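Take a look at the letters that make up each chain.
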2 protein chains.
Amino acid sequence: MKKTAKIPYAAIERLALYSRPLRVLLKNGITVISSEKLAEYCGVNPAQVRKDLAYFGEFGVRGVGYDVTDLLREIKSILATDRDWTLCIIGMGNLGNAIVENENFRNMGYRFVAAFDKDQEKHGKTLPCGLIIQPVEKLRHLVKLLNVQIGVITTPPDEAQRVTDLLVDAGVKGVLNFSPTQVKAPKGCVIENVDFAVRFENLAYHLSKVPRE
Amino acid sequence: MKKTAKIPYAAIERLALYSRPLRVLLKNGITVISSEKLAEYCGVNPAQVRKDLAYFGEFGVRGVGYDVTDLLREIKSILATDRDWTLCIIGMGNLGNAIVENENFRNMGYRFVAAFDKDQEKHGKTLPCGLIIQPVEKLRHLVKLLNVQIGVITTPPDEAQRVTDLLVDAGVKGVLNFSPTQVKAPKGCVIENVDFAVRFENLAYHLSKVPRE
């Protein structure tokens, strides 16, 4: 594998996308795929696929295509999704429930081991996935006990930074923040701010460019 | 405003991000902001802010900064979020509920006017936002009646393409697909596939690069 130091962020995102059809192909027993076909499945252009994969070394055979098993294994290794990750989630509203119960995430190796909420009425409630909602006061203890690597924040925005600080203080090294505010953490903790509304705005932008009938 | 034909997709995403602190500043009566400060709020570098904003014309005054009101108005106009959009949503599980009840979206002008599910047991149920869950069979009729512009899909993945086809057939011009599969539509309908798992994978990638203690 080549050095991965200067891979653009967008290429990492696309690698994750490429892995989707590859998983399906593998399940269906298909062993080789062309860059054209992979590009079509993912809605990008074939030159982009070839360029992205070239960052990571030589996978394909010209005129034949990529070996599905090899390519998927390599992408999973690059993305570090060839291992299980241990997660906790804070904020058990609709979005928190949607994420913690998502089978797709589970199949990809994201294991939720603790769920927290500040609402007393929710404490002790068992979720369909089997987790019991815990008070936020127990976060530090449980994060350490269960070796939580990633914290997922689905609280209202005004609580997100405080929860981030709690997570960092407890030793979590990665935070996925779904609340509509940017949170910050000291160096050594990776933050990924996921802002849904941006996708609405993107769509609105593109729609406003579509000629009206 | 300059021609907006060749603005990179990523710049559009960042414009949406820039609008977040601007809204807060405006509410707090702050009228001028430097590119450095705006960049800091959004976690990007100041040169990137200046470059992105330059795509759309001259906003700033060197050494002073940007007028918050002007800049926000211009960004909203570019992103077409200076108007209301009419949306429907299909798939009233946890994620569907999280989206339809999100006050943040409502404040930004995204108005949900219909909610659908294929589960008979949910039909007729009133959501906290006031909408009544309708059978998918009524989609075509209601989309036309209520002038729905955007369809939001929160169904399981194996239903997403069929629902997209229904939406396109009913005349919807934009689809925001939250189910973990890529959907396709004919030209003239804009699709935005939102894949949550990609954000988990991004984080895993970056975490795997953090030196362990």
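Residues numbered from 1 in each chain as written. Chains lettered and ligands numbered in written order. Predicted model: local features only at pLDDT ≥ 70, side-chain atom pairs only at ≥ 80, totals over all residues. Heavy atoms only, no water.

Before going further, it helps to examine the pattern of salt bridges. Tallied over the full model, the rule gives 24 salt bridges over all chains. Note that Glu 159 of chain A is salt-bridged to Lys 118 of chain A, the shortest N-O span being 3.3 Å. Here Lys 118 of chain A lies in the loop between strand E4 (110-117) and strand E5 (133-135) and Glu 159 of chain A lies in helix H8 (residues 157-170), a separation of 41 residues in the sequence. Among the charged side chains, a salt-bridge network with shared partners connects Arg 20 of chain A together with Asp 195 and Glu 201 of chain B. (Salt bridge = Lys/Arg side-chain N within 4 Å of Asp/Glu carboxyl O. Helix = DSSP H or I, 4+ residues; strand = E, 2+ residues; numbered from the N terminus.)

It is worth spelling out the packing of helix H1 (residues 9-27) of chain A against helix H3 (residues 46-54) of chain A at this point. All names here are of chain A. Between H1 and H3, the shortest axis-to-axis distance is 10 Å and the interhelical angle comes to 110 degrees. Between H1 and H3, the crossing angle belongs to the class labelled roughly perpendicular. Note on element contacts: H3 touches H1 through Gln 48, Val 49, Asp 52 and Leu 53, opposite Ala 11, Arg 14, Leu 15 and Tyr 18. In terms of residue class, the contact of H1 with H3 is made up of five nonpolar, one polar and two charged. (Axes fitted to C-alpha atoms, helices over the stretch in contact; angles between N-to-C directions. Parallel < 35°, antiparallel > 145°, perpendicular 65-115°, else oblique. Contact = heavy atoms within 4.5 Å. Nonpolar A, V, L, I, M, F, W, Y, C, P; charged D, E, K, R; others polar.)

Taken as rigid bodies, chain B and chain A are interconverted by a rotation of 180 degrees and an axial shift of 0.0 Å, the fit giving an RMSD of 0.0 Å. Considering both components of the superposition, the chain copies are consistent with a two-fold axis. Scanning chain B for the C-alpha nearest the rotation axis identifies Asn 94 of chain B, at a separation of 2.5 Å. Here 100% of the contact residues of chain B are again contact residues in chain A; the copies associate through an equivalent surface. (Least-squares fit on C-alpha atoms with pLDDT ≥ 70 in both.)

All right, on to H8 of chain A then. Residues and elements named next belong to chain A. Given a rise of 1.5 Å per residue, 14 residues ought to cover 20 Å, and the 21 Å separating the end C-alpha atoms of H8 matches this to within 8%. Of the residues making up H8, those classed as buried are Glu 159, Ala 160, Val 163, Thr 164, Leu 167 and Ala 170. Buried residues of H8, seen end-on, are gathered within an arc of 145 degrees and therefore sit on one face of the element. Turning to H8, the residues buried within the fold contact strand E3 (85-90), helix H7 (139-145), strand E6 (150-153), strand E7 (174-177) and strand E8 (190-193). After H8 finishes, the residue Gly 171 shows a positive phi value of roughly 100 degrees. (Expected span 1.5 Å × (residues − 1). Buried < 20%, exposed > 50% of the residue type's maximum accessible area, 1.4 Å probe, protein only. Arc of directions from axis to C-beta.)

Below, the discussion takes up the pairing of E7 of chain A. Residues and elements named next belong to chain A. In E7, alternate side chains face the same way, and those of Gly 174 and Leu 176 on one face and Val 175 and Asn 177 on the other are all buried. Pairing of E6 with E7, which is carried by four bridges, proceeds in the parallel orientation. Considered in E7, the bridge of Ile 150 is made with Gly 174. Handedness of the crossover joining E6 and E7 through H8 is recorded here as right-handed. Taken together, the four bridges between E7 and E8 define a ladder with parallel strand orientation. Its bridge partner being in E8, Gly 174 is matched across the sheet by Val 190. (Pairing = 2+ DSSP bridges. Right-handed = clockwise from strand over helix to strand, strands pointing away.)

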